[in-house]
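# Structural characterization, general
Now for the letters of each chain:
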Amino acid sequence: MFKFLKDKLKEAISGITKKVESDAETEAEPEVKTKVEEPEEITKIVPEKEEIKKSFFKKLHEKVILTKITKEKFEELFSDIELALLENNVANEIVERIRSELEKDLVDIPIKRNEVSSIIKSSFKKVLEDIISIEKIDIYKRIKESGKKPFVILFLGYNGVGKSLTVAKLAKFLKDKNLKVMLAAGDTFRAAGASQLAQYAEKVNVPVIKGKYGSDSCSIIFDTISSARARNYDVVIADTAGRIHNNQNLLNELKKINKVNNPDFNILVIDAMTGSDVVNQAEEFGKSVKIDALIITKSDTYEKGGALLSAVYILKKPILFLGTGQGFDDLNEYNKEEMIKNLGF
Ligand code: GDP
């Protein structure tokens with residue numbers, strides 16, 4: 001899902017490396033070069049071995065040319081990276097963080113000509129690892145260890161991000177692990193909300209409790225929990241509305257649902273295609289209700305991927321899964337190492 005970002009960064013880093021290398025070439029101080037002394041065994045080399053001798057000195061020469069990047073030069077060079085990041089929906093806060101890490105590693109420090117690229121890459125890798133190294137959560141283990149029955153999971157997120165489908169995907173994931181799962185069709189604001197969830201529930205073969213269009217979402221979730229408890233179900237997954245007149249109403253409704261039903265685990269669903277608005281979404285939900293983890297949907301259709309980095313950075317919450325398609329099995333567990341590799345580091 002990071003193809004664009006990966007390609008752009010690769011391009012930017014290689015551009016910077018070339019610029020710094022060529023500057024180093026022209027700025028190289030003569031005394032640095034003259035410091036290179038011919039080792040005795042080379043001087044003894046017979047004339048026909050001249051080529052080997054030349055190549056030995058070429059390599060040595062590349063290694064010893066040192067350069068220093070000034071603060072001004074750095075700002076100029078960083079603008080390419082900044083553009084690549086912003087174009088790919090990476091939040092400003094992350095761009096600034098990367099800027100200051102790279103600055104620490106590159107500005108006014110003597111760097112060997114052939115090490116520019118590896119220094120930039122390792123500096124980048126360090127920041128990225130830091131950004132996405134939030135502890136992983138194993139939801140199955142969390143449910144089992146909680147001792148709660150039913151364990152209540154609440155889904156949050158704006159309309160269209162893929163909440164209902166992901167509720168069904170998670171239901172199937174847990175059902176495949178032999179847990180008994182019941183769904184609560186808590187999106188009562190949208191006429192089609194509950195019926196769509198009911199269709200998905202039928203397909204993954206789990207029961208769903210729904211009310212009438214416009215009925216109280218909070219009480220539907222409450223009824224589902226009671227029913228699940230009476231029927232000895234392990235898990236309740238509750239869908240919620242993604243839009244109610246305005247954001248404040250929506251957030252108040254979610255606060256009420258949380259107060260009344262006291263869920264064990266809240267998941268914020270974010271669409272990978274969300275642009276810079278991801279920061280607002282994460283902040284709005286984060287301020288109103290507790291968020292335990294994220295699921296990023298549609299990672300199969302979008303190659304920019306910055307939304308994911310931004311959401312994790314803002315909320316400091318782990319990613320539980322990535323939605324990777326429209327099928328009920330298209331849910332991948334999040335893997336930090338793979339993510340860094342996908343970014344080309
Ligand atoms: P909700 O309004 O948040 O409940 O969103 P829905 O569950 O109705 O999903 C909105 C659209 O996104 C539907 O067409 C889904 O099939 C699609 N969708 C959800 N998750 C994914 C995903 O991971 N990949 C793809 N390609 N489509 C998805």
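Residues numbered from 1 in each chain as written. Predicted model: local features only at pLDDT ≥ 70, side-chain atom pairs only at ≥ 80, totals over all residues. Heavy atoms only, no water.

## A look at the overall build of the protein
- Of regular secondary structure, the protein possesses 15 helices and ten strands.
- The buried share among the 345 residues of the protein stands at 48%.
- Of all intrachain contacts in the protein linking residues separated by at least 6 positions in sequence, the fraction that spans at least 24 positions is 79%.
- Carbon and sulfur atoms make up 49% of the accessible area of the protein, which amounts to about 17000 Å² in all. (Helix = DSSP H or I, 4+ residues; strand = E, 2+ residues; numbered from the N terminus. Buried < 20%, exposed > 50% of the residue type's maximum accessible area, 1.4 Å probe, protein only. Contact = heavy atoms within 4.5 Å. Areas by Shrake-Rupley, 256 points an atom, 1.4 Å probe, with all protein chains shown as cover.)

## Some remarks on the nonpolar core
- Counting 110 residues, the largest nonpolar core has F124, I139, I153, L174 and I237 as the members making the most contacts within it.
- If you tally residues by element for this core, the top one is helix α7 (residues 116–132), at eight residues.
- Looking at which domains feed residues into this core, each of domain 1 (3–28 + 65–131) and domain 2 (139–342) supplies at least three.
- Sequence-distant contacts of L174, that is, excluding residues within four places in its chain, are made with I139, I143, I153, L179, V181, V235 and I237. (Core = buried A, V, L, I, M, F, W, Y, C linked by side-chain atoms within 4.5 Å. Domains from an automatic or database assignment.)

## Some thoughts on the pattern of salt bridges
- Evaluated as defined, the whole model comprises 20 salt bridges.
- With a closest N to O distance of 3.2 Å, D105 and K126 form a salt bridge. Of this pair, D105 sits in helix α6 (residues 92–106) while K126 sits in helix α7; the two residues are 21 residues apart in sequence, bridging distant segments of the chain.
- Connected through shared salt-bridge partners, K71, E75, E82, E96, R99 and E103 make up one network. (Salt bridge = Lys/Arg side-chain N within 4 Å of Asp/Glu carboxyl O.)

## Looking at the site of the ligand
- Near the ligand there are 19 residues, and of these G160, K163, S164, D300 and Q326 occur at the shortest range.
- In the environment of the ligand, an oxygen atom lies 3.0 Å from a nitrogen or oxygen atom belonging to the backbone of G162.
- The contact in question runs from a nitrogen atom of the ligand to an N or O atom on the backbone of G325, over 3.3 Å.
- Its atoms largely coinciding with the cavity grid, the ligand occupies the largest pocket.
- Broken down by element, the shell around the ligand gets its largest block of residues, four residues, from helix α9 (residues 163–175).
- Its residues placed into classes, the shell around the ligand shows three nonpolar, eleven polar and five charged. (Near = heavy atom within 4 Å. Polar contact = N/O pair within 3.5 Å; in protein donor to acceptor, adjacent residues only side chain to side chain. 1 Å grid on protein atoms, 1.4 Å probe; cavity = no way out; pocket = protein on both sides within 12 Å on 5 of 7 lines; lining within 4 Å. Sits in = over half its atoms within 2 Å of the grid points. Nonpolar A, V, L, I, M, F, W, Y, C, P; charged D, E, K, R; others polar.)

## Observations concerning unusual backbone geometry
- Backbone torsion omega between K149 and P150 reads 5°, so that peptide bond is classified as cis.
- Here P150 lies in the loop between α8 (139–146) and β3 (151–156).
- We note that N89 has phi near 65°; this positive angle belongs to a residue other than glycine.
- Its location among the elements puts N89 in the loop between α5 (71–87) and α6.
- Judged by its relative accessible area of 14%, N89 is buried.

## Here's the deal with the side chain of T297
- Among the structural elements, T297 can be located in strand β8 (residues 293–297).
- When its relative accessible area of 4% is taken as the criterion, T297 is described as buried.
- With near-sequence residues (within four places) excluded, T297 lies in contact with V161, G162, T166, V269, I270, D271, A272 and G323.

## Quick notes on the confidence of the model for the protein
- Considering every residue of the protein, the mean pLDDT works out to 85; 88% of them sit at 70 or more.
- Confidence drops under pLDDT 50 across residues 29–34; counting only partners more than four residues distant or on other chains, this segment forms three contacts. (pLDDT = per-residue confidence, 0-100.)

## Details of helix α12 (residues 247–261)
- Between its terminal C-alpha atoms α12 stretches 21 Å, which fits the 21 Å expected from 15 residues at 1.5 Å a residue.
- Residues L250, L251, E253, L254, I257, N258 and N261 constitute the buried set of α12. Buried residues along α12 cover an arc of 155° about the axis, so they all sit on one side.
- As for α12, its buried residues are in contact with β3, α11 (217–230), β6 (235–240), β7 (265–271) and α13 (277–288).
- Backbone geometry just after α12 places N262 at a positive phi near 40°. (Expected span 1.5 Å × (residues − 1). Arc of directions from axis to C-beta.)

## Digging into the packing of α11 against α12
- Two elements in contact, α11 and α12, have axes whose closest approach is 9 Å; the angle formed by their N-to-C orientations is 30°. Our classification of the angle between α11 and α12 gives roughly parallel. As α11 runs across α12, the sense of the crossing is right-handed. Across from S217, C218, I221, F222 and I225 in α11, the residues of α12 making contact are E253, K256, I257, V260 and N261.
- Split by residue class, the contact of α11 with α12 holds six nonpolar, two polar and two charged. (Axes fitted to C-alpha atoms, helices over the stretch in contact; angles between N-to-C directions. Parallel < 35°, antiparallel > 145°, perpendicular 65-115°, else oblique. Left-handed = near helix turned anticlockwise from the far one by under 90°.)

## Section: the packing of α6 against α7
- At a closest axis distance of 9 Å, the pairing of α6 and α7 adopts a crossing angle of 140°. Judged by the angle between their axes, α6 and α7 are oblique. Considering only the axes of α6 and α7, their crossing is right-handed. From α6, I94, R97, I98, E101, L102, D105 and L106 reach across to α7, where they touch I119, I120, S123, F124, K126, V127, D130 and I131.
- A per-class count over the contact of α6 with α7 returns nine nonpolar, one polar and five charged.

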